[in-house]
Amino acid sequence: DQTREMKEAFYKAVPQVKNRDFILFLGRIHPKKGVDNLVRAFSEIDAGDLSLVVAGPGADTEYGKELKAYVSDKSLDDKILFPGMLEGASKWGAFYESQVFILPSHQENFGIAVAEAMACKKPVLISDKVNIWREISATKCGYVKPDTLEGTKELLEDWVCTSDGVKAEMIKNARSAF
(Lines give C-alpha, C1' and ligand atoms only; values in the text may rest on other atoms or scores of the structure.)
Protein backbone atom coordinates (compact mmCIF):
# COMPACT_ATOMS: atom_id res chain seq x y z
CA ASP A 1 0.00 0.00 0.00
CA GLN A 2 0.98 3.61 -0.49
CA THR A 3 3.42 5.26 1.87
CA ARG A 4 3.97 8.94 2.60
CA GLU A 5 7.41 8.57 0.97
CA MET A 6 5.79 7.52 -2.34
CA LYS A 7 3.37 10.44 -2.31
CA GLU A 8 6.10 12.97 -1.45
CA ALA A 9 8.48 11.55 -4.08
CA PHE A 10 5.81 11.82 -6.76
CA TYR A 11 4.84 15.39 -5.91
CA LYS A 12 8.51 16.36 -5.75
CA ALA A 13 8.84 15.04 -9.34
CA VAL A 14 5.54 16.50 -10.58
CA PRO A 15 4.56 19.40 -8.28
CA GLN A 16 2.17 20.86 -10.87
CA VAL A 17 -0.50 18.22 -10.12
CA LYS A 18 -0.49 18.47 -6.34
CA ASN A 19 -4.13 18.77 -5.21
CA ARG A 20 -5.33 18.03 -8.77
CA ASP A 21 -6.95 14.95 -10.26
CA PHE A 22 -5.02 13.36 -13.10
CA ILE A 23 -4.96 10.49 -15.55
CA LEU A 24 -1.66 8.61 -15.68
CA PHE A 25 0.20 7.20 -18.66
CA LEU A 26 3.41 5.53 -17.52
CA GLY A 27 5.57 3.92 -20.17
CA ARG A 28 7.87 4.60 -23.08
CA ILE A 29 6.92 7.69 -25.05
CA HIS A 30 6.93 5.87 -28.37
CA PRO A 31 4.56 5.57 -31.37
CA LYS A 32 3.81 1.92 -30.44
CA LYS A 33 2.23 3.08 -27.19
CA GLY A 34 -0.33 5.35 -28.89
CA VAL A 35 0.84 8.42 -26.99
CA ASP A 36 0.09 10.65 -29.99
CA ASN A 37 -3.55 9.50 -29.94
CA LEU A 38 -3.65 10.01 -26.17
CA VAL A 39 -2.31 13.57 -26.27
CA ARG A 40 -4.55 14.55 -29.21
CA ALA A 41 -7.63 12.90 -27.68
CA PHE A 42 -7.07 14.59 -24.32
CA SER A 43 -6.70 17.95 -26.06
CA GLU A 44 -10.03 17.42 -27.87
CA ILE A 45 -12.28 16.41 -24.96
CA ASP A 46 -13.75 18.40 -22.10
CA ALA A 47 -11.69 16.96 -19.26
CA GLY A 48 -12.84 19.53 -16.73
CA ASP A 49 -10.17 19.95 -14.05
CA LEU A 50 -8.43 16.69 -14.93
CA SER A 51 -4.79 16.75 -15.98
CA LEU A 52 -2.82 14.16 -17.95
CA VAL A 53 0.59 12.99 -16.74
CA VAL A 54 2.63 11.32 -19.51
CA ALA A 55 5.53 9.79 -17.60
CA GLY A 56 8.35 7.79 -19.08
CA PRO A 57 11.47 7.92 -21.17
CA GLY A 58 11.37 9.30 -24.69
CA ALA A 59 10.19 12.88 -24.24
CA ASP A 60 13.56 14.00 -25.64
CA THR A 61 13.21 11.93 -28.85
CA GLU A 62 11.91 13.46 -32.09
CA TYR A 63 8.51 11.87 -31.38
CA GLY A 64 8.46 13.18 -27.82
CA LYS A 65 9.46 16.67 -28.95
CA GLU A 66 6.65 16.67 -31.53
CA LEU A 67 4.13 15.75 -28.82
CA LYS A 68 5.39 18.46 -26.48
CA ALA A 69 5.28 21.02 -29.32
CA TYR A 70 1.67 20.01 -30.04
CA VAL A 71 0.79 20.50 -26.35
CA SER A 72 2.44 23.94 -26.37
CA ASP A 73 0.68 24.91 -29.60
CA LYS A 74 -2.64 24.04 -27.95
CA SER A 75 -1.66 26.03 -24.80
CA LEU A 76 -2.08 22.91 -22.66
CA ASP A 77 1.31 22.89 -20.92
CA ASP A 78 -0.45 23.23 -17.56
CA LYS A 79 -2.83 20.27 -18.26
CA ILE A 80 -0.61 17.75 -20.12
CA LEU A 81 2.66 17.16 -18.30
CA PHE A 82 5.78 15.25 -19.34
CA PRO A 83 7.81 14.71 -16.14
CA GLY A 84 10.15 12.16 -17.70
CA MET A 85 10.96 8.77 -16.22
CA LEU A 86 9.50 8.05 -12.79
CA GLU A 87 11.19 5.29 -10.82
CA GLY A 88 10.98 3.81 -7.35
CA ALA A 89 8.87 5.72 -4.86
CA SER A 90 7.87 8.44 -7.37
CA LYS A 91 6.58 5.79 -9.82
CA TRP A 92 4.47 4.11 -7.15
CA GLY A 93 3.30 7.49 -5.89
CA ALA A 94 2.14 8.31 -9.43
CA PHE A 95 0.05 5.14 -9.56
CA TYR A 96 -1.49 5.70 -6.12
CA GLU A 97 -2.18 9.41 -6.61
CA SER A 98 -3.74 9.04 -10.08
CA GLN A 99 -7.45 8.68 -10.70
CA VAL A 100 -7.00 6.13 -13.45
CA PHE A 101 -4.26 4.58 -15.61
CA ILE A 102 -4.36 4.69 -19.42
CA LEU A 103 -2.51 2.63 -22.05
CA PRO A 104 -3.88 3.16 -25.60
CA SER A 105 -1.12 0.99 -27.07
CA HIS A 106 -1.08 -0.43 -30.61
CA GLN A 107 0.47 -3.69 -29.35
CA GLU A 108 1.26 -5.11 -25.91
CA ASN A 109 1.97 -8.73 -25.08
CA PHE A 110 0.77 -8.21 -21.51
CA GLY A 111 1.07 -4.67 -20.19
CA ILE A 112 2.97 -4.85 -16.90
CA ALA A 113 2.04 -1.24 -16.06
CA VAL A 114 -1.65 -2.20 -16.36
CA ALA A 115 -1.17 -4.88 -13.69
CA GLU A 116 0.86 -2.46 -11.54
CA ALA A 117 -1.96 0.08 -11.71
CA MET A 118 -4.51 -2.56 -10.73
CA ALA A 119 -2.30 -3.62 -7.80
CA CYS A 120 -2.57 0.02 -6.65
CA LYS A 121 -6.39 -0.19 -6.87
CA LYS A 122 -6.61 1.88 -10.03
CA PRO A 123 -9.06 1.32 -12.86
CA VAL A 124 -7.46 1.05 -16.30
CA LEU A 125 -8.31 2.47 -19.71
CA ILE A 126 -6.71 0.34 -22.42
CA SER A 127 -6.88 -0.41 -26.10
CA ASP A 128 -7.99 -3.76 -27.42
CA LYS A 129 -4.38 -4.34 -28.53
CA VAL A 130 -3.23 -4.84 -24.93
CA ASN A 131 -3.45 -8.60 -24.63
CA ILE A 132 -5.19 -8.63 -21.25
CA TRP A 133 -8.12 -6.58 -22.56
CA ARG A 134 -10.54 -9.51 -22.25
CA GLU A 135 -9.75 -9.86 -18.54
CA ILE A 136 -10.14 -6.12 -17.98
CA SER A 137 -13.48 -6.12 -19.74
CA ALA A 138 -14.74 -9.26 -17.96
CA THR A 139 -13.80 -8.03 -14.47
CA LYS A 140 -15.25 -4.52 -15.05
CA CYS A 141 -12.14 -2.78 -13.73
CA GLY A 142 -11.75 -0.47 -16.68
CA TYR A 143 -12.73 0.36 -20.22
CA VAL A 144 -11.47 -1.13 -23.48
CA LYS A 145 -11.68 0.57 -26.88
CA PRO A 146 -9.88 0.36 -30.25
CA ASP A 147 -6.33 1.73 -30.55
CA THR A 148 -7.44 4.68 -32.66
CA LEU A 149 -7.76 8.39 -31.96
CA GLU A 150 -11.54 7.94 -31.73
CA GLY A 151 -11.17 4.91 -29.43
CA THR A 152 -8.81 6.83 -27.16
CA LYS A 153 -11.24 9.78 -27.04
CA GLU A 154 -14.00 7.33 -26.07
CA LEU A 155 -11.84 5.91 -23.26
CA LEU A 156 -11.27 9.39 -21.85
CA GLU A 157 -14.86 10.56 -22.33
CA ASP A 158 -16.26 7.37 -20.80
CA TRP A 159 -14.04 7.90 -17.74
CA VAL A 160 -14.95 11.59 -17.37
CA CYS A 161 -18.67 10.70 -17.59
CA THR A 162 -18.51 7.74 -15.20
CA SER A 163 -20.36 8.29 -11.93
CA ASP A 164 -18.48 8.25 -8.63
CA GLY A 165 -20.38 5.11 -7.63
CA VAL A 166 -19.27 3.20 -10.72
CA LYS A 167 -15.71 4.49 -10.29
CA ALA A 168 -15.71 3.17 -6.70
CA GLU A 169 -16.87 -0.23 -7.98
CA MET A 170 -14.13 -0.22 -10.62
CA ILE A 171 -11.52 0.54 -7.93
CA LYS A 172 -12.66 -2.53 -5.94
CA ASN A 173 -12.72 -4.63 -9.09
CA ALA A 174 -9.22 -3.51 -10.11
CA ARG A 175 -7.60 -4.81 -6.92
CA SER A 176 -9.50 -8.11 -6.92
CA ALA A 177 -8.84 -8.63 -10.66
CA PHE A 178 -5.15 -8.05 -10.03
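Residues numbered from 1 in each chain as written. Predicted model: local features only at pLDDT ≥ 70, side-chain atom pairs only at ≥ 80, totals over all residues. Heavy atoms only, no water.

(A) Looking closely at the environment of Leu-156. Topologically, Leu-156 is positioned in helix α7 (residues 149-161). Spatially, the C-alpha atoms of Leu-156 and Tyr-143 are 9.3 Å apart, while their sequence positions differ by 13 residues. Each residue touching Leu-156, except ones within four places of it in the same chain, is listed here: Ile-23, Leu-38, Ala-41, Phe-42, Ile-45 and Ile-102. (Helix = DSSP H or I, 4+ residues; strand = E, 2+ residues; numbered from the N terminus. Contact = heavy atoms within 4.5 Å.)

(B) Main features of the pattern of salt bridges. Counted by the stated rule, this structure contains ten salt bridges. Between Asp-1 and Lys-121 there is a salt bridge whose closest N-O contact spans 3.7 Å. Within this pair, whereas Asp-1 is found in the segment before α1 (4-13), its partner Lys-121 is found in the loop between α5 (112-119) and β5 (124-127), the two being separated by 120 residues in sequence. For Asp-1, a relative accessible area of 69% puts it in the exposed group. Between Lys-172 and Glu-169 there is a salt bridge whose closest N-O contact spans 3.7 Å. One end of the pair is Lys-172 and the other is Glu-169, both in helix α8 (residues 164-177) and three residues apart, which spans about a single turn. (Salt bridge = Lys/Arg side-chain N within 4 Å of Asp/Glu carboxyl O. Buried < 20%, exposed > 50% of the residue type's maximum accessible area, 1.4 Å probe, protein only.)

(C) Geometry of the sheet that holds strand β4 (residues 100-103). Taken together, the six strands give an open sheet; going across it, the order is β3-β2-β1-β4-β5-β6, and neighbouring strands pair in parallel fashion. The strands lining the two open edges of the sheet, one partner per strand, are β3 (80-84) and β6 (142-145). Recorded for the sheet is a direction-independent mean angle of 20 degrees between the axes of neighbouring strands. Strand direction decides the pairing type here: β5 and β6, joined by four bridges, are parallel. Note on β6: the bridge partner recorded for Leu-125 is Tyr-143. Together, β1 (22-26), β4, β5 and β6 form the strand contacts of α7, whose direction differs from that of β6 by roughly 160 degrees. (Pairing = 2+ DSSP bridges. Axes fitted to C-alpha atoms, helices over the stretch in contact; angles between N-to-C directions.)

(D) Seen up close, the packing of aromatic side chains. Applying the stated criterion to the full structure yields four aromatic pairs. With a centroid separation of 5.3 Å and 25 degrees between ring planes, the pair formed by Phe-10 and Phe-22 is classed as stacked. Of the two residues, Phe-10 sits in helix α1 while Phe-22 sits in strand β1, which places them twelve residues apart along the sequence. Of the two residues, Phe-10 and Phe-22, both sit in the buried class. (Phe/Tyr/Trp six-rings, centres within 6.5 Å; stacked < 30°, edge-to-face > 60°.)

So far we have only geometry, and geometry alone does not tell us how the molecule works.
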